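Residue-level listing of the chains:
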Amino acid sequence: MTTLVDRAIAVLRSNHDTLAALVSTLSEEQLKGRSGAAEWTVADALSHLGSGAEINRKPIAIAAGEQVDAEDNQAIWDRWNALPPVDQAAEFVKHDAAYVDTVEALDAEQRELRVDLGFMPEPVPLLVALGMRVSEVANHGWDVRVGVDPSATVDAASAELLIELLQGPLAFLLGFSGKADQVEQEVRLAIPGGGIKIADAVTVTDTFDEPTATFEGPAEAVARLLTGRLGADHAAGVTVTGNVTLDDLRKVFPGY
């Protein structure tokens with residue numbers, strides 16, 4: 001039986017392989033070009049993903065019994081920020097591979113571990129740690145790819161998994177990323193396979209009754225909407241009808 005943990009690990013492997021193959025083709029000029037994140041170059045986005053892989057591998061490795069040298073996160077970020085773009089790209093491939101190799105090697109018992117991420121009130125299930133990494137890689141991976149190819153999308157497996165995780169294990173993230181006060185009335189938005197409710201808070205659900213609005217578009221566009229990546233330049237084929245507009249939704253989900 002394939003679990004959510006198994007699916008998350010498979011998605012992380014797929015994203016790594018896709019990005020690593022792309023990175024091997026990029027020129028220094030492309031690495032210095034703008035990514036999908038307005039204030040970052042392609043190399044900046046890869047550096048963010050690479051430092052994140054280095055930092056986030058450690059608590060999982062520790063939970064699995066590996067001896068890991070401690071290093072302050074700020075020191076890691078400073079080291080990455082000091083690298084030239086070509087080295088940021090190469091180091092991303094190295095450290096992201098190490099992260100994926102680590103989680104792929106976890107046996108069935110270890111996949112039930114709880115992980116101390118350091119910034120959460122208590123250790124979290126491995127699925128939460130993996131899900132947060134999936135969100136980082138899928139979205140910032142899109143930032144990298146759209147910097148090279150304006151027609152880039154989030155792959156379907158990543159998008160579907162992220163939407164499912166936001167219905168449960170990662171629902172708490174919507175408390176930070178969703179700005180429910182940006183609409184004046186309750187919105188029950190039908191999306192592929194479920195819905196988004198915007199009331200006192202933002203929630204994602206797999207079942208939905210009596211929608212007030214409808215989002216027409218693929219799941220990957222929903223995933224990008226939820227993280228502020230469905231701007232006018234990247235919303236071809238998406239329509240929203242009902243008591244909310246796509247521009248309204250962009251205000252609810254300004255992104256990160």
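Residues numbered from 1 in each chain as written. Predicted model: local features only at pLDDT ≥ 70, side-chain atom pairs only at ≥ 80, totals over all residues. Heavy atoms only, no water.

Draft legend 1. Seen up close, the side chain of Glu54. Within the element layout of this structure, Glu54 appears in helix H3 (residues 42-63). On the basis of relative accessibility, which here comes to 11%, the residue Glu54 falls in the buried class. Of note is the side chain of Glu54, whose polar atom sits 2.8 Å from the side chain of Trp80. Residues contacting Glu54, with those up to four places away along its chain left out, are Glu71, Ile76, Arg79, Trp80 and His95. (Helix = DSSP H or I, 4+ residues; strand = E, 2+ residues; numbered from the N terminus. Buried < 20%, exposed > 50% of the residue type's maximum accessible area, 1.4 Å probe, protein only. Polar contact = N/O pair within 3.5 Å; in protein donor to acceptor, adjacent residues only side chain to side chain. Contact = heavy atoms within 4.5 Å.)

Draft legend 2. Layout of the pattern of salt bridges. Across all of its chains, the model carries 14 salt bridges by this definition. Of the charged contacts, one joins Arg13 and Asp17 as a salt bridge, the two residues approaching to 3.2 Å between their closest N and O atoms. Here Arg13 and its partner Asp17 are both found in helix H1 (residues 4-23), four residues apart, which amounts to about one turn of the helix. Between Arg188 and Glu186 there is a salt bridge whose closest N-O contact spans 2.9 Å. Linked by salt bridges that have partners in common, Arg13, Asp17, Asp101 and Glu104 make up one network. (Salt bridge = Lys/Arg side-chain N within 4 Å of Asp/Glu carboxyl O.)

Purely geometric numbers; function is a separate question.
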